[in-house]
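An overview of the molecular structure
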Amino acid sequence: MAKMEQINVNTVSRISEGTFFKGTMVSPHDIRVDGDFEGDITSEGKVVIGESATFLGNIVCSDLDFWGKVKGDVVVKNTLSLHNGCQINGNLKTRKLYVEMGSSFNGTCTMLGEDGNAEVSEQES
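First things first, this report covers the structure right here in the doc. (Residues numbered from 1 in each chain as written. Predicted model: local features only at pLDDT ≥ 70, side-chain atom pairs only at ≥ 80, totals over all residues. Heavy atoms only, no water.)

1. Brief notes about the overall build of the chain
- Counting its regular elements, the chain contains zero helices and 13 strands.
- Going from N to C terminus, the chain has its helices and strands arranged as β-β-β-β-β-β-β-β-β-β-β-β-β.
- Within the span of the chain, comprising 125 residues, buried residues form 33% of the whole.
- The long-range fraction of contacts in the chain, counting pairs at least 24 apart against all pairs at least 6 apart in sequence, stands at 1%.
- Counting every atom, the chain has about 7900 Å² of accessible surface; 47% of that belongs to carbon and sulfur. (Helix = DSSP H or I, 4+ residues; strand = E, 2+ residues; numbered from the N terminus. Buried < 20%, exposed > 50% of the residue type's maximum accessible area, 1.4 Å probe, protein only. Contact = heavy atoms within 4.5 Å. Areas by Shrake-Rupley, 256 points an atom, 1.4 Å probe, with all protein chains shown as cover.)

2. As for the environment of Asp34
- Mapping Asp34 onto the fold places it in the loop between β3 (31–33) and β4 (36–43).
- Remark: the alpha-carbon pair of Asp34 and Ser52, spanning 18 residues in sequence, is separated by 5.4 Å.
- Among residues more than four places away in sequence, those in contact with Asp34 are Arg14, Ile15, Ser16, Glu17, Gly50, Glu51, Ser52 and Ala53.
- A polar contact is formed between the side chain of Asp34 and the side chain of Arg14, at a distance of 2.8 Å. (Polar contact = N/O pair within 3.5 Å; in protein donor to acceptor, adjacent residues only side chain to side chain.)

Just distances and angles here, no functional claims.
Dropping the structure here:
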């Protein structure tokens, strides 16, 4: 049986629904935004943009789940998940991309290699 990773809820930073935050947030832990956020997020952990969230700014993180509305550029070192109902206007860079039906994305997407750099196709080399 695979060991489940246990998350300590005290290490998750959260912007709750009805809350407005403006500024820069940097964390070695997970972040969840359900309110309104204007600024930039950098996290070594996972970032979740919830269904009620509006986000204006840039995000750099390990993994990212989108349900809300985002305007800005995103860099994800591992997996970026776009869920039904999300709206993204911005450029994406990620290693793995998961897209559900009903998600909306306007911008460019660059797939990153294991080294974190943009992959180069054989035609380009």
